[in-house]
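Examination of the molecular architecture
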Amino acid sequence: MKALGQQYVDEVAAEYQEILNQDGGQHTISDAELERVRANFVPAQRKADAPIAVAAVPAGREQDYARWLQQNVAAHQNPALRAVTLSYKRLGQAPGDADADQLDTAADLADKFSAGELRVTHDQNLLLPWVRSEELPALWLEASHAGLARSNVRLLTDMIACPGGDFCALANARSIPIAAAITERYQDMDELHDLGEIDLHISGCINSCGHHHSGHIGVLGVDKDGKEWYQVSLGGSDGSDLSGEAVAGKVVGPSFGAAEVPGVIEALLDTFRQQRQGRETFIDTLRRVGMDVFKAAANSARLSDKHEELNVLPKSAGYARDAQEA
Ligand code: SF4
């Protein structure tokens, strides 16, 4: 495309026009068709006799609940309802992972609180789209009990990570141990909330299933000499309200060994805290200050030139099921 330039654009436009001319079919959706499709998306209704689940927030847990409301609960077009995200980002399990029992629990929560409906989000969580606002405390208590109410949605540990080399035959490197090491390091909820909203995306190869290129911080597994290495990029955006116009992140330098990646993330976040003004987000600070300061911080976290040591993966939480939050 780069080589052909405008010629490429003209050829695509000409071919598209030819398709329109040749088959004579309709290539845009008519109003009638739009209405037909729209009729399939009616608001869900809870059973008329479903009792309202009432609960009080236990004394001493008010801050936990307030944080959950702030991060995991979103407004709804119906003011009586809320959309609630169940967080599948917790210590002891890979991002987005759930076993059969945990999915049964999510189904029960959906039946009880969300008209039997839940949705998988692109950032590897489950969303309950039809929750009554007066039932939020009851839902929070039950989700907490199931380990699904961690108030980290849109925060650092709500990272996107692909299955990587542990499960994917195409991978250049493992993603899950990197995610585990970062999750393990950033368990303090005060610290996480202080850091604010940030997109960390990890892919095990250039197929980019973890959307590393659109992360404020992106980590990409690469293969060098048959070993696992990780390219770190900064400043990517997925076009969301938080991130602004969609743009691919820029690589900070030569790739890092697995053992270095958690230190690189920490160095980037420490630099953010030093440079931040007020409650500025990571991406806003990065754009205001520029890449160079952050690049220097990332590169200062290199450990040594000994490849054998650098390729030792960080000590991880091991994903023991009993390590989940209560
Ligand atoms: S990004 Fe690569 S390693 Fe990760 S799931 Fe996709 S194909 Fe597999």
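For clarity, every value in this text was computed on a predicted model and none was experimentally measured. (Residues numbered from 1 in each chain as written. Predicted model: local features only at pLDDT ≥ 70, side-chain atom pairs only at ≥ 80, totals over all residues.)

Splitting the chain by domain gives domain 1 (62-145) and domain 2 (160-317). Between domain 1 and domain 2, the C-alpha centre-to-centre distance is 27 Å. Residues that form the side of domain 1 that touches domain 2 fall into these classes: three nonpolar, two polar and two charged. (Domains from an automatic or database assignment. Nonpolar A, V, L, I, M, F, W, Y, C, P; charged D, E, K, R; others polar.)

Here the focus is the site of the ligand. As a matter of local geometry, the ligand sits amid 13 residues, with Cys-162, Cys-168, Ala-171, Gly-204 and Cys-209 nearest to it. In terms of residue class, the shell around the ligand is built from seven nonpolar, six polar and no charged. (Near = placed C-beta within 6 Å.)

The subject of this paragraph is the sheet that holds strand E8 (residues 227-234). Strand order in this open sheet of five strands is E5-E6-E7-E8-E9, and the pairing throughout is mixed. In this open sheet, the two strands that pair with only one neighbour each are strand E5 (160-161) and strand E9 (250-251). Pairing of E5 with strand E6 (residues 200-203), which is carried by two bridges, proceeds in the parallel orientation. The residue bridging Ile-160 from the neighbouring strand is His-201, located in E6. (Pairing = 2+ DSSP bridges. Helix = DSSP H or I, 4+ residues; strand = E, 2+ residues; numbered from the N terminus.)

Below, the discussion takes up the pairing of strand E4 (residues 126-132). Counting buried residues along E4, five of its seven residues qualify, which places the element largely inside the surrounding structure. Pairing geometry for strand E2 (residues 81-86) and E4, over five bridges, is antiparallel. Counterpart to Leu-86 in the pairing with E4 is Leu-126. Judged from the two bridges that link them, strand E3 (residues 119-120) and E4 form a sheet pairing that is antiparallel. Each bridged residue has a counterpart across the sheet, and for Val-120 the counterpart in E4 is Leu-126. (Buried ≥ 20, exposed ≤ 12 C-beta atoms within 10 Å, placed from the backbone.)

Now for helix H9 (residues 282-289). Since one α-helical turn is 3.6 residues long, residues separated by three or four positions face the same way. All buried positions along H9 are accounted for by Phe-282, Ile-283, Thr-285 and Leu-286. In a view along the axis of H9, the buried residues occupy a sector of 160°, so they form one face of it. On the buried face of H9, the contacting elements are E8, helix H8 (261-275) and helix H10 (291-300). Backbone geometry just after H9 places Gly-290 at a positive phi near 100°. (Arc of directions from axis to C-beta. Contact = placed C-beta atoms within 7 Å.)

Among the nonpolar cores identified, the biggest contains 44 residues, and Ile-178, Ala-179, Tyr-230 and Leu-268 are the most heavily contacted of them. Among the secondary structure elements, those contributing two or more residues to this core are E5, helix H6 (176-185), E6, strand E7 (217-224), E8, H8, H9 and H10. When sequence neighbours within four positions are dropped, the list of residues in contact with Ile-178 reads Ile-202, Val-219, Tyr-230, Ala-258 and Val-261. Core analysis: the next-biggest nonpolar cluster, separate from the first, contains 21 residues, Val-84, Leu-126, Trp-130 and Trp-140 among them. (Core = buried A, V, L, I, M, F, W, Y, C linked by C-beta atoms within 7 Å.)

Turning next to unusual backbone geometry. In most cases, non-glycine residues show a negative phi, while peptide bonds are predominantly trans. Of note, the phi angle at Ser-208 is positive, near 70°, even though the residue is not glycine. Within the secondary structure, Ser-208 sits in the loop between E6 and E7. Look at His-211: it is not a glycine, yet its phi comes out positive at around 55°. Within the secondary structure, His-211 sits in the loop between E6 and E7.

What the four strands build is an open sheet, ordered E1-E2-E4-E3; its pairing is antiparallel. What marks the edges here is a single partner per strand, and that holds for strand E1 (73-74) and E3. Packing against the sheet, helix H4 (residues 100-113) makes contact with E2 and E4, and its axis sits at approximately 20° to E4. (Axes fitted to C-alpha atoms, helices over the stretch in contact; angles between N-to-C directions.)

Mean pLDDT over the chain: 91, with 93% of residues reaching 70 or higher. Between residues 315-326, whose pLDDT stays under 50, and residues either more than four places distant or in other chains, the model counts 27 contacts. (pLDDT = per-residue confidence, 0-100.)

Before going further, it helps to examine the environment of Ala-106. As for its placement among the helices and strands, Ala-106 is situated in helix H4. As a C-alpha pair, Ala-106 and Phe-282 span 176 residues in sequence and 32 Å in three-dimensional space.

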